[in-house]
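# Structural description and commentary
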Amino acid sequence: STTTSLFWQSSTSRYSKSVNGKNIEVYASSKPKRSLIFFTGGFNKMPNFIYSDFLTELSENGVTCYSVQDNIDYKVISFIENEANELPIIASHSSGSVPALELCSLVPIEDIVLFDPVGFGNFKLRSAKNVVFINAELSYSWDKFMDLPFIPSIFAITEKNLVTSANITRIE
């Protein structure tokens, strides 16, 4: 369905698709330039609707987005590759970076975007060409009104957690 409000009509077509028992929320761009698989926070267990404005905005700018609230298997990746006719960008938020990077360790993904990535472990990214870290300053800073930062930096995933020859960009 096309998203409509009183003042504007979105060019995004939003629908659900089931592949191999996995429900995929699709935010289809009317003029797709790229595709993206998005991993939500909470190790990809956070509800998709929390990110719907963000994913809609991306799709209105030419990025068809797929969000799966579960582990993603080869059949899901194959479906998205076939539908998009390309390797998708992998993007994640918070601890959703762990399953995203685990997938990137197994599947030849070239472009990865990590928003405030947190978790544990090291990840070997054989095929990655570009990895972008986007960190919100307030997520890691101490405030006089809070005892701890929202995301303690000891849990942050950084380039030190990656085994890769990819170009790494940090945006703070």
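The preceding data block contains the structure.
Counting of residues starts from 1 at the beginning of each chain's written sequence and follows it residue by residue. For a predicted model such as this one, the threshold for reporting local features is a pLDDT of at least 70, and the threshold for listing and counting side-chain atom pairs is 80 or more; totals across whole chains, interfaces and linings nevertheless cover every residue. Computation of side-chain values: all heavy atoms of the structure, hydrogens and water removed.

### With respect to the overall build of the chain
- Of regular secondary structure, the chain possesses five helices and eleven strands.
- The rule is simple: take the accessible area with a 1.4 Å probe, protein chains only, and divide by the maximum for that residue type; under 20% is buried, over 50% is exposed, in between is partly exposed. Taking all 172 residues of the chain together, the buried fraction comes to 45%.
- A contact between two residues is defined here by any heavy atoms of the two lying within 4.5 Å. Counted over contacts in the chain with a minimum sequence separation of 6, partners at least 24 positions apart contribute 58%.
- On the chain, roughly 9500 Å² of surface is accessible, and the fraction owed to carbon and sulfur atoms is 56%. Secondary structure is summarised from DSSP: a helix means a run of H or I of at least four residues, a strand means a run of E of at least two, and numbering begins at the N terminus for each. Per-residue and other accessible areas were derived by the Shrake-Rupley procedure at a 1.4 Å probe size, with only the shown protein chains allowed to occlude residues.

### Concerning the layout of surface pockets
- Points on a 1 Å grid over protein atoms alone make up a cavity when a 1.4 Å probe fits among them but cannot get out, and a pocket when they form an open set with protein on both sides within 12 Å along at least five of seven lines; lining residues each have an atom within 4 Å of a point. Grid points are joined across faces, edges and corners, and a volume is the space filled by probe spheres set on the points. There is about 150 Å³ of room inside the largest pocket.
- For the lining of the largest pocket, the secondary-structure elements that each account for two or more residues are strand 4 (34–39), helix 2 (52–60), strand 6 (89–93) and strand 7 (111–115).
- A per-element tally of the lining of the largest pocket places strand 4 first, with three residues.
- Throughout this entry, Asp, Glu, Lys and Arg are counted as charged residues, while Ala, Val, Leu, Ile, Met, Phe, Trp, Tyr, Cys and Pro are counted as nonpolar. The remaining residues, Gly among them, count as polar. Classifying every residue of the lining of the largest pocket by side-chain character gives nine nonpolar, no polar and one charged.

### Some thoughts on the pattern of salt bridges
- Criterion for a salt bridge: a side-chain nitrogen of Lys or Arg within 4 Å of a carboxyl oxygen of Asp or Glu. Evaluation of the coordinates by the stated rule reveals five salt bridges.
- Between Glu 86 and Arg 34 there is a salt bridge, with its nearest N and O atoms 3.4 Å apart. Residue Glu 86 is found in the loop between helix 3 (74–84) and strand 6, and its partner Arg 34 is found in strand 4; the two are separated by 52 residues along the sequence.
- Across the pair Arg 34 and Asp 111 runs a salt bridge, and its minimum N-O distance is 3.3 Å. Taken together, the residues span a long stretch of sequence, with Arg 34 in strand 4 and Asp 111 in strand 7 at a distance of 77 residues.
- Here Arg 34 falls in the partly exposed class, since its relative accessible area comes to 29%.
- Within the structure, one salt-bridge network assembled from shared partners comprises Arg 34, Glu 86 and Asp 111.

### With respect to the side chain of Ser 67
- By the element assignment, Ser 67 lies in strand 5 (residues 63–68).
- Exposure remark for Ser 67: the relative accessible area of 0% places this residue in the buried category.
- Residues adjacent in sequence count toward polar contacts only when both atoms are side-chain atoms; beyond that, a polar contact is any pair of N or O atoms within 3.5 Å, and within protein one must be able to donate a hydrogen and the other to accept it. Here the side chain of Ser 67 touches Asn 48 through a polar contact of 2.5 Å, side chain to side chain.
- Setting aside residues no more than four positions away along its own chain, Ser 67 makes contact with Asn 23, Ile 24, Glu 25, Phe 38, Thr 40, Asn 48 and Leu 55.

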